[in-house]
Amino acid sequence: MTATATGPHHLQLTREGQLRHFLTLDGLGRELLTDILDTADSFIEVGERTIKKVPLLRGRTVVNLFFESSTRTRSTFELAAKRLSADVLNLDISTSATSKGESLADTLYNLEAMASDMFVVRHAQSGAPHFIAESVTPKVAIINAGDGRHAHPTQAMLDMLTIRQHKKTFAGLKVAIVGDVLHSRVARSQIRALNELGVAEVRVIAPGTLLPRDVEALGCTVEYDMLRGMKDLDVIIMLRLQKERMEGALLPSEGEFYRLYGLDRVKLALAKPDCIVMHPGPINRGVEIESAVADGPQSVILNQVTNGIAIRMAVMSMAMGGQLAERQQALNDMAKQEVRS
Amino acid sequence: MTATATGPHHLQLTREGQLRHFLTLDGLGRELLTDILDTADSFIEVGERTIKKVPLLRGRTVVNLFFESSTRTRSTFELAAKRLSADVLNLDISTSATSKGESLADTLYNLEAMASDMFVVRHAQSGAPHFIAESVTPKVAIINAGDGRHAHPTQAMLDMLTIRQHKKTFAGLKVAIVGDVLHSRVARSQIRALNELGVAEVRVIAPGTLLPRDVEALGCTVEYDMLRGMKDLDVIIMLRLQKERMEGALLPSEGEFYRLYGLDRVKLALAKPDCIVMHPGPINRGVEIESAVADGPQSVILNQVTNGIAIRMAVMSMAMGGQLAERQQALNDMAKQEVRS
Amino acid sequence: MTATATGPHHLQLTREGQLRHFLTLDGLGRELLTDILDTADSFIEVGERTIKKVPLLRGRTVVNLFFESSTRTRSTFELAAKRLSADVLNLDISTSATSKGESLADTLYNLEAMASDMFVVRHAQSGAPHFIAESVTPKVAIINAGDGRHAHPTQAMLDMLTIRQHKKTFAGLKVAIVGDVLHSRVARSQIRALNELGVAEVRVIAPGTLLPRDVEALGCTVEYDMLRGMKDLDVIIMLRLQKERMEGALLPSEGEFYRLYGLDRVKLALAKPDCIVMHPGPINRGVEIESAVADGPQSVILNQVTNGIAIRMAVMSMAMGGQLAERQQALNDMAKQEVRS
């Protein structure tokens, strides 16, 4: 019943406030984010037991629609869907359907007509999953698996789950995000989530050339000097350095960047002793992080991977539940209408 | 007891007349076609319910053997097989097995020896699925997913299902097939099915350059002028225009073709008011059909897609049933033989 | 209690002697090899029944990690895993994950963190699966699907199963391996298995240029003249001729090789009348074997394919069992430790 971007009932929520698409963290309140984390926690246990299956999506069809190829992200969604007992169809759209001259919308209408229940969408263009959920196939649950520079909300949520596992609560935490914030769809989603969940401070640490204009407006403080920026940190989130940026004028050299913004043991020693180190992977050892830190006792990088499956299972099952509730509601409304007329 | 391609008990039927391969509509009587439609109807309901699974092919291995790549058709067969609970193996043969110098027959023998139960075959050469069913692996159920210019029988059957859903009966219907009949494997199968199911008239509408010689012998009337051809139609089936044909001398230009044989609102108004519009997809908007028609109230194009899954489930489960009956029969015959000797 | 490659309790075995990885036949005694064959025999029956599924790996995640592409081998492992009810993830590593600059070890750690239970590894480098099992992800069951020139142990075991099916016992058998032993990972594994299972003689038949130095030390006799070598044989195993070897100086010509070492009806007539003919496939008809022999009554080549699924099911389920026992043991040890301290 709470308010949103345009209407009284936000595109990604049902009228009752349940998730039915998962496009962005914007507009999702602390309660819903916590709900996702709690649901994911219950799936962590599923990953540990002998039979890693729950029947929540049994008989449902999940289509992985990757307009931008990413074996790693696709694999985590595929495993999550299979552990929910769904049927999974992998489509690498960049190389297939649209090649026959068919429009994107027609491809999606066709997949919907095959009784697909969920599209996991990865797209180089910001806003593509939002567009699909709003204007193309609103009755199919749309899960954003990364769109342009806009958002990568499941990545941000798996980070939140990892922080909560190690720090128990978000209250009072000081969290730094280090590196190429400008080009990172993950960073935007992370800043949003950390603020909503109530940390004490989100601090971005980067050279000015790798920060968006008005970055503070996103809800963070800025620090250009990493040595100073490490003070009092509970959590450090390193961003992946897109090596192709190096070739432009944005950065001096790989060695120079590592000296200033790479996370090594010396810099890490300036944070709190129990500060945890996170990275979305794949890591560039010696480019943005020292091997001894990536593999060290404060690193929780592999926990993030494990949590990635659990978060995806949570989001997929919740969005499916919301879609089904919405469809039921529509049927009920139709029935009432008929009685009246 | 003798079996020949032309005789009373066709290659694709068991001695009791059950389907065991699905290669062509030739030789399948009205009763069997109606049986396929009725079975598909029962699967439509499966697509609509929460758990879209039936256990009919549970533990069966279906191999998608695509010698000609087609993501769209492969996806529908893959989904159909999964909803029947089969294990599915996708093989893009054009790029793999035969590259080591192995013969096609050896590849198929190997797949059969892996205890495969069904091959879904797409091949650029007319007759390839028939050859496989007759001479290579007759004990594996062979489903034709399109062979050369010869046939695409599941496409034709999904069209029949769509017509029956909207018109209830085939009796008295006037059906037009419009466009490149010459190069269309779908058109051949459609004309066959429509005649067998007893429509009043099948009318092909096309320029002479896009018609096979003696097309009337297939069981249809011919109309070169589309405006005249629209009269009294209950069903219009548009064919996809293979743009590469344009480059040859067969057609003047895309614009010219659209003016003469494209389906727009003006032409459609000349048919019966409840005439339905069909297209096998993917559609070329503005090339063979106007967007307003493709998306309009008379279009049943997306119903065709939904029906495509149901028809494939029907054909796969029926052919599997026939193969199993045949194997059982063979065992019984062998037992009798032993008792006698 | 320490485990080394040379010690009493080998890397691929648990402390109780159960299989937990399957890397090589070295160090596996006759009892364990027989155990694998017996288990596979029980799965043969699974392949023949209507529902070809057993729930032994239900809820388990098997990742096919092919660093060297092989559709055929991958397909057999995929089918075996699916018939054990596992969830299967196919990764063609040569073209994906490592392309982002991530190290092999990081890719594997990530897959392990996604709660994968088993890696089926194919690698061009000898020893890669061993390295992974020892130093990277020892808690994931590693199955060697062929590594460099080193070993292809599931292929050798499916050959043993085929021999046992046709000859009942290994005692007293004379077995020849014919062809390019030098480059064959299969031949090494076969010689090892045949000796362990107690055949009377393993005879390699090849030109000197295609034999490793000191080949007798592997446990075989050598014969350069195939006509003489056929005498008294119960089993002939033909090796696949890698045509690319021809281009080097190792062999005179394809025709010459076939004349000297190709298996035709004339040569086969020199072996025992009930001698069986085997080949790992894919076969080069007319290059290393005559078609009439490959398809003849003494050929058991397609039985090998069928047995390949059963052997892979056996090895996968046994290794999974060993891994689970090992994990349980580790938990128990930890509990005891805690009680003591």
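What counts as what
- Residues numbered from 1 in each chain as written.
- Chains lettered and ligands numbered in written order.
- Predicted model: local features only at pLDDT ≥ 70, side-chain atom pairs only at ≥ 80, totals over all residues.
- Heavy atoms only, no water.
- Contact = heavy atoms within 4.5 Å.
- Buried area = accessible area lost by both parts, 1.4 Å probe.
- Salt bridge = Lys/Arg side-chain N within 4 Å of Asp/Glu carboxyl O.
- Nonpolar A, V, L, I, M, F, W, Y, C, P; charged D, E, K, R; others polar.
- Least-squares fit on C-alpha atoms with pLDDT ≥ 70 in both.
- UniProt positions renumbered as here; feature names shortened; annotations may be inferred.
- Helix = DSSP H or I, 4+ residues; strand = E, 2+ residues; numbered from the N terminus.
- Buried < 20%, exposed > 50% of the residue type's maximum accessible area, 1.4 Å probe, protein only.
- Polar contact = N/O pair within 3.5 Å; in protein donor to acceptor, adjacent residues only side chain to side chain.
- Pairing = 2+ DSSP bridges.
- Axes fitted to C-alpha atoms, helices over the stretch in contact; angles between N-to-C directions.
- Domains from an automatic or database assignment.
- Right-handed = clockwise from strand over helix to strand, strands pointing away.
- Parallel < 35°, antiparallel > 145°, perpendicular 65-115°, else oblique.

Novice: Could you give an account of the interface of chain C and chain B, naming the residues involved and the relevant values?
Specialist: Facing the 23 residues of chain C at the interface are 20 residues of chain B. Considering only the surface of chain C that becomes buried against chain B, C:Lys52, C:Lys53 and C:Leu79 emerge as the three largest contributors, covering 22% of it. Scanning the region where chain C abuts chain B turns up three salt bridges. Between C:Lys53 and B:Asp87 there is a salt bridge; the shortest N-O distance is 2.8 Å. When the residues that make up the side of chain C that touches chain B are grouped by side-chain class, the tally is seven nonpolar, seven polar and nine charged.

Novice: Quick one: what's the story with the relation of the copies chain B and chain A, residue by residue and with numbers?
Specialist: The two chain copies are connected by a rotation around an axis plus a translation along it. Of the transformation placing chain B onto chain A, the axial shift is 0.0 Å and the rotation is 120 degrees, giving an RMSD of 0.1 Å. These values place the two chain copies in the arrangement generated by a three-fold rotation axis.

Novice: Tell me about the UniProt feature "binding site: carbamoyl phosphate" (unreviewed entry) in chain A, and please be specific about residues and values.
Specialist: All names here are of chain A. With numbering matched to this structure, UniProt assigns "binding site: carbamoyl phosphate" (unreviewed entry) to Arg 72, Thr 73, Arg 122, His 152, Gln 155, Gly 281 and Pro 282. Among the secondary structure elements, Thr 73 is positioned in helix 2 (residues 71–83). Owing to a relative accessible area of 9%, Thr 73 belongs among the buried residues under this scheme. A polar contact of 3.2 Å, which involves the side chain of Thr 73, links it to the side chain of Ser 70. A relative accessible area of 6% places Arg 122 in the buried class. Those residues in contact with Arg 122 that sit more than four places away from it in its chain are Leu 65, Phe 66, Phe 67, Glu 68, Ser 70, Thr 73, Ala 145, Gly 146, His 152 and Arg 185.

Novice: Run through the sheet that holds strand 8 (residues 235–238) of chain A, naming residues and quoting values.
Specialist: Residue and element names in this part refer to chain A. The parallel open sheet is built from five strands, whose spatial order is 7-6-5-8-9. The sheet terminates laterally at strand 7 (221–223) and strand 9 (276–278), the two strands that pair on one side only. Between one strand and the next, the sheet's axes are offset by a mean angle of 20 degrees, whatever the strand orientation.

Novice: Let's hear about the sheet that holds strand 5 (residues 174–178) of chain C: which residues, and what values?
Specialist: All names here are of chain C. Across the sheet, which stays open at both edges, the five strands sit in the order 7-6-5-8-9 with parallel pairing between neighbours. The open sheet has two free edges, formed respectively by strand 7 (221–223) and strand 9 (276–278), since each of these has just one partner strand. Looking at each pair of strands side by side, their axes are set apart by 20 degrees on average, direction ignored. The pairing of strand 8 (residues 235–238) with strand 9 spans three bridges and is parallel. Residue pairing across strands places Ile 237 opposite Met 278, the latter belonging to strand 9. The strands touched by helix 6 (residues 185–196) are strand 5, strand 6 (201–205) and strand 8; relative to strand 5, the strand with the most contacts, the crossing angle is about 175 degrees.

Novice: Please set out the domain arrangement of chain A residue by residue, giving values where relevant.
Specialist: Residue and element names in this part refer to chain A. Taken domain by domain, chain A comprises domain 1 (10–152 + 305–336) and domain 2 (154–299). Computed over C-alpha atoms, the centres of domain 1 and domain 2 are 27 Å apart. In this complex, domain 1 contributes 34 residues to the contact, which on the side of domain 2 involves 26 residues. Here domain 1 meets domain 2 over a buried area of about 2400 Å², counting both sides, of which 57% is carbon and sulfur.

Novice: Give a description of the side chain of B:Lys167 that names residues and reports values.
Specialist: Residue and element names in this part refer to chain B. Position of Lys 167 relative to the elements: it lies in helix 5 (residues 153–167). Taking relative accessible area as the criterion, Lys 167 reaches 14% and is therefore assigned buried. When residues no more than four places from it in sequence are discounted, the contact partners of Lys 167 are Leu 173, Asp 234, Val 235, Asp 274, Cys 275 and Ile 276.

Novice: Tell me about the interface of chain B and chain A, and name the residues and values.
Specialist: Listed as interface residues are 23 residues of chain B and, on the opposing side, 20 residues of chain A. Contact between chain B and chain A buries roughly 2000 Å² in total, counting both sides, with carbon and sulfur atoms accounting for 53%. If you look at where chain B meets chain A, you find three salt bridges. On the surface where chain B and chain A come into contact, there are eleven residue pairs in polar contact (both at pLDDT 80 or more). Where the side of chain B that touches chain A is concerned, the elements lending two or more residues are helix 2 (71–83) and helix 12 (301–340) of chain B. Ranked by residue count, the leading element in the side of chain B that touches chain A is helix 2 of chain B, at nine residues. Looking at the side of chain B that touches chain A residue by residue, the classes come out as seven nonpolar, seven polar and nine charged.

Novice: Which residues make up unusual backbone geometry, and what are the values?
Specialist: Across the junction of B:Gly281 and B:Pro282, the peptide omega takes the value -10 degrees, indicating a cis bond. Looking at the element boundaries, B:Pro282 is found in the loop between strand 9 (276–278) and helix 11 (291–294). Even without being glycine, A:Ser85 reaches a positive phi, approximately 75 degrees. Despite not being glycine, A:Asp214 shows a phi value in the positive range, around 60 degrees. Inspection of the secondary structure assignment puts A:Asp214 in the loop between strand 6 (201–205) and strand 7.

Novice: A description of the pairing of strand 5 of chain C should follow, citing residues and the corresponding values.
Specialist: Residues and elements named next belong to chain C. With four of five residues buried, strand 5 lies mostly within the body of the structure. Bridge count between strand 5 and strand 6: five bridges; the pairing is parallel. Across the sheet, residue Ile 177 finds its bridge partner in strand 6, namely Val 204. After leaving strand 5, the chain enters helix 6 and then returns to the sheet as strand 6, a path that is right-handed. As paired strands, strand 5 and strand 8 are joined by four bridges and run parallel to one another. Paired with Val 178 across the bridge in strand 8 is Met 238.

Novice: Explain the packing of helix 1 (residues 30–48) of chain C against helix 5 (residues 153–167) of chain C residue by residue, including any values.
Specialist: Residue and element names in this part refer to chain C. It is the contact of helix 1 with helix 5, at a shortest axis distance of 10 Å, that shows an interaxial angle of 75 degrees. With respect to helix 5, the axis of helix 1 lies roughly perpendicular. Only Met 157, Met 160, Leu 161, Arg 164 and Gln 165 of helix 5 make contact with helix 1, whose side of the interface consists of Leu 33, Thr 34, Ile 36, Leu 37, Asp 38, Ala 40, Asp 41 and Ile 44. A per-class count over the contact of helix 1 with helix 5 returns eight nonpolar, two polar and three charged.

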